[in-house]
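# Examination of the molecular architecture
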Amino acid sequence: MSEPRIAVWHRDDLRVRDNAALAAAVADGRPCPVYVFDPQFYRSGMACDARLRFVHESLTDLAARYGDHGSDLALFHGDPEDVLEDLPVDRIYVNRSVTGRYGRERDERLFDRPDVRVLADDGIDWTDRARGDYDWSEQAEAYFERDPIRPPGRLSDNPLESETSVADVEREYGVEPEKVDVPEGGPSAGWTRLTGFADTITDYPGSIAPPAKAERNSSRLSPYLAFGCLTPRQVYRYLHRNAPAGTAREMFTSRLYWNRHYNQKLADWPGWMDRAVNPVYTGLFRGRHDPELVAAWREGRTGYPLVDASMRALQETGWLNFRMRAMCASFYTYILQCWWKVGADHFYRHLIDADAAINYTQWQSQSALTGVSPVRIYNPRKQVRENDPDGEFVREYVPELRAFPTEHLDQPEKAPLAVQDECGIRIGEDYPRPVVELEAHRERAREVFGRLADRAEEALSDPEIRRRASLSRRGGDRRDSERDETTSGGQSRLSEF
Ligand SMILES: Cc1cc2nc3c(=O)[nH]c(=O)nc-3n(C[C@H](O)[C@H](O)[C@H](O)COP(=O)(O)OP(=O)(O)OC[C@H]3O[C@@H](n4cnc5c(N)ncnc54)[C@H](O)[C@@H]3O)c2cc1C
């Protein structure tokens, strides 16, 4: 009897190595690697063209990696359920992935089929999501400590033929990226970045908060992790073998745990993407929606140079370091007092590394919508002084301030007119005045959150809500100020788990 044909359906696991579905298909029959371009993804407007290009490059590279093993990746276009239904295969193997509602509903329907086998080797607890407080970090640790799955040997050729190509899909959807400095997609480029990062990891701790340094010294592995060109475990294991032990490696490793933690949170509750975790904050600031303010924030015209530089960097490059993401989210919610979801969606659309599990949970956490994370209002002026003291980042992304004296970059509108005249930059004409007044808006945000605090606490007495809202850095007291994050960059260290 001939070997069963097994479709290996790739989604956000664009790699050959450390791939449980592929390994299982190799063990059980003849693997037929497949990718389906889902029109829903392209039409949703939730992915900028640069991210689409990153995925397409990753697919081209994945096909080449299959080529190394004697096989190929077959490409299809259409509703994945229909495409998979029509494939001339005996079974379908797929790695589980953490998705929002659309993907989850699709998967639930598909995973019920008797010919579909679902693999999950990802550090996520899929077994009993309704359970009370479980120790998610134990399963994450077990995942990191297990050896990555070995790459397959020689594969049979793929009997399935592509019905479309990356070029066809790019033409159909008019994919024309405008962003610059976007990393090349694919597992090969991911490995190159990982090996390079291992050589410079000692620069990592000092480069987390300052945005210009982070652009150079942060790992920049996030898009590769988001699309599964690399697994968190491959990164963890490679660095444990090839990077020196010490603070830098420990700090970095804690981020990989965060990655798993937030994925676990979305796996537990898909509502993170569209509903305030703590119901007391549902619709907070929604009624105040001011399109002008939102546009000023999106386009980097708020009159706060570091916010503007960051928002323009996001638009231009699709990447920002953690601190600037947190500061822009905080500014949006507390200072502009706009509804979090619109801001979170804007990030999601523009980030190359957009990961629903991290983006929306971080937004809710930075916007204090859990009721457990503190109201942390970043002061964008202080951030300039601390994290861009020479104005390197501001000058790069806000060219109209290039000639502005460094000592006034934290608050350009306060620069004396003589100074403005001397450098030829008039605030209010060449660069905007602040769109809102920082201190007054900060006070108002404190009042609003202060008024709701007791009710939010009360809501947490519901065990279901408390379970959803709990993040690993619980126990952090409510502090209405910026934390001292000089060493941790505002994220937990491994020892805090
Ligand atoms: C509002 C907001 C939205 C965010 N949205 C995303 C997102 O959509 N996708 C995304 O990958 N990260 C997101 N982050 C987390 C973090 O900012 C990025 O992971 C990081 O900046 C990516 O750059 P890097 O790969 O150089 O990070 P490194 O510092 O080198 O970290 C390595 C990896 O650890 C993981 N990681 C780092 N920080 C976090 C974190 N706080 N939470 C969870 N995982 C983390 C990422 O996978 C990252 O690639 C967000 C943070 C905030 C505050």
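Cut-offs applied
Residues numbered from 1 in each chain as written. Predicted model: local features only at pLDDT ≥ 70, side-chain atom pairs only at ≥ 80, totals over all residues. Heavy atoms only, no water. Helix = DSSP H or I, 4+ residues; strand = E, 2+ residues; numbered from the N terminus. Rg over C-alpha atoms; globule rule 2.2 N^0.38 Å. Buried < 20%, exposed > 50% of the residue type's maximum accessible area, 1.4 Å probe, protein only. Contact = heavy atoms within 4.5 Å. UniProt positions renumbered as here; feature names shortened; annotations may be inferred. Patch = residues over 30% accessible without salt bridge, like charges linked within 9 Å, V, L, I, M, F, W, Y side chains within 5 Å. Areas by Shrake-Rupley, 256 points an atom, 1.4 Å probe, with all protein chains shown as cover. Salt bridge = Lys/Arg side-chain N within 4 Å of Asp/Glu carboxyl O. Lys, Arg positive; Asp, Glu negative; His and termini not counted. Charge placed at Lys NZ, Arg CZ, Asp CG, Glu CD. Arc of directions from axis to C-beta. Phe/Tyr/Trp six-rings, centres within 6.5 Å; stacked < 30°, edge-to-face > 60°. Lys NZ or Arg CZ within 6 Å of the ring centre and 35° of its normal. Domains from an automatic or database assignment. Buried area = accessible area lost by both parts, 1.4 Å probe. Pairing = 2+ DSSP bridges. Right-handed = clockwise from strand over helix to strand, strands pointing away.

Turning to the overall build of the protein chain, a few remarks are in order. Along the protein chain, the regular secondary structure elements total 22 helices and five strands. In terms of C-alpha radius of gyration, the protein chain reaches 24 Å, essentially the compact-globule figure of 23 Å for 497 residues. Overall, the protein chain is about 85 × 50 × 45 Å in size when its C-alpha atoms are taken along their principal axes. Expressed as a percentage of the 497 residues in the protein chain, the buried residues total 59%. A separation threshold of at least 6 residues defines the contact pool for the protein chain, and within that pool the share at least 24 residues apart is 79%.

Moving on to the UniProt feature "binding site: FAD" (unreviewed entry) in the protein chain. UniProt's entry tags Tyr-204, Ser-218, Ser-219, Arg-220, Leu-221, Ser-222, Phe-252, Asp-353, Ala-354 and Asp-355 with the feature "binding site: FAD" (unreviewed entry), counted in the numbering of this structure. Positionally, Asp-353 belongs in the loop between helix 16 (340-350) and helix 17 (356-366). Residue class for Asp-353 comes out buried when judged on its relative accessible area of 8%. When near neighbours in sequence (up to four residues on either side) are disregarded, Asp-353 contacts Ser-222, Pro-223, Ala-226, Trp-319 and Arg-325. Discounting residues that sit within four places of it in the chain, Ala-354 has contacts with Arg-51, Ala-226 and Tyr-348.

The positions that UniProt labels "domain: Photolyase/cryptochrome alpha/beta" (unreviewed entry) are, in the present scheme, residues 4-126. Summarising residues 4-126: 42% helix, 22% strand, and an end-to-end C-alpha distance of 28 Å.

On to a negative patch on the surface. Together, Asp-79, Asp-82, Asp-86 and Glu-163 make up a region of like negative charge exposed at the surface. Mapped onto the secondary structure, Asp-82 falls in helix 4 (residues 80-86).

Taken as a whole, helix 7 (residues 166-173) has its buried residues at Val-166, Val-169, Glu-170 and Tyr-173. Viewed end-on, helix 7 has its buried residues packed into an arc of 100°, placing them on one side of the element. Facing away from the buried surface of helix 7 by more than 90 degrees, the exposed residues are Arg-171 and Glu-172. Residues of helix 7 that are buried sit in contact with strand 2 (30-37), helix 2 (39-43), helix 3 (49-68) and strand 3 (74-77).

Taken as a whole and judged by the stated rule, the model has 26 aromatic pairs. Measuring from ring centre to ring centre gives 6.0 Å for Trp-297 and Trp-363, while their planes differ by 85°; the resulting arrangement is edge-to-face. Here Trp-363 lies in helix 17 and Trp-297 lies in helix 13 (residues 291-299), a separation of 66 residues in the sequence. What makes Trp-363 buried here is its relative accessible area of 2%. Members of the aromatic cluster, joined through ring pairs, are Tyr-35, Phe-37, Phe-41, Tyr-42 and Tyr-173. A cation sits over an aromatic face here: Arg-11 above Trp-9, 4.5 Å from the ring centre. The aromatic ring of Trp-126 is capped on one face by Arg-96, whose charged end is 4.8 Å from the ring centroid.

Moving on: the domain arrangement of the protein chain. Each assigned domain of the protein chain is listed with its residue range as follows: domain 1 (1-121) and domain 2 (272-496). Taking only C-alpha atoms into account, the centre of domain 1 sits 37 Å from that of domain 2. Contact with domain 1, which involves 10 residues of that partner, is made by 12 residues of domain 2. Summing the contributions of domain 1 and of domain 2, the shared interface buries around 850 Å²; its carbon and sulfur component is 57%.

What follows concerns the pattern of salt bridges. Enumeration according to the criterion identifies 30 salt bridges in this entry. The partner of Glu-457 in a salt bridge is Arg-466, and the shortest N-O contact between them spans 3.7 Å. Owing to a relative accessible area of 27%, Arg-466 belongs among the partly exposed residues under this scheme. Two residues, Glu-464 and Arg-467, come together in a salt bridge whose shortest N-O distance is 3.1 Å. Highlighted residues: Glu-464 and Arg-467, both in helix 22 (residues 463-469), separated by three residues, approximately one helical turn. Looking at Glu-464, the relative accessible area reads 31%, which means it is partly exposed. Taken together, the shared-partner salt bridges connect Asp-18, Asp-121, Arg-146 and Arg-233 into one network.

Time to look at the pairing of strand 5 (residues 116-119). Where a strand is regular, its side chains alternate between the two sheet faces. Here strand 4 (residues 91-95) runs beside strand 5; their pairing, made up of four bridges, is parallel. Considered in strand 5, the bridge of Tyr-93 is made with Arg-117. For the handedness criterion, the β-α-β arrangement of strand 4, helix 5 (residues 101-111) and strand 5 is classed as right-handed.

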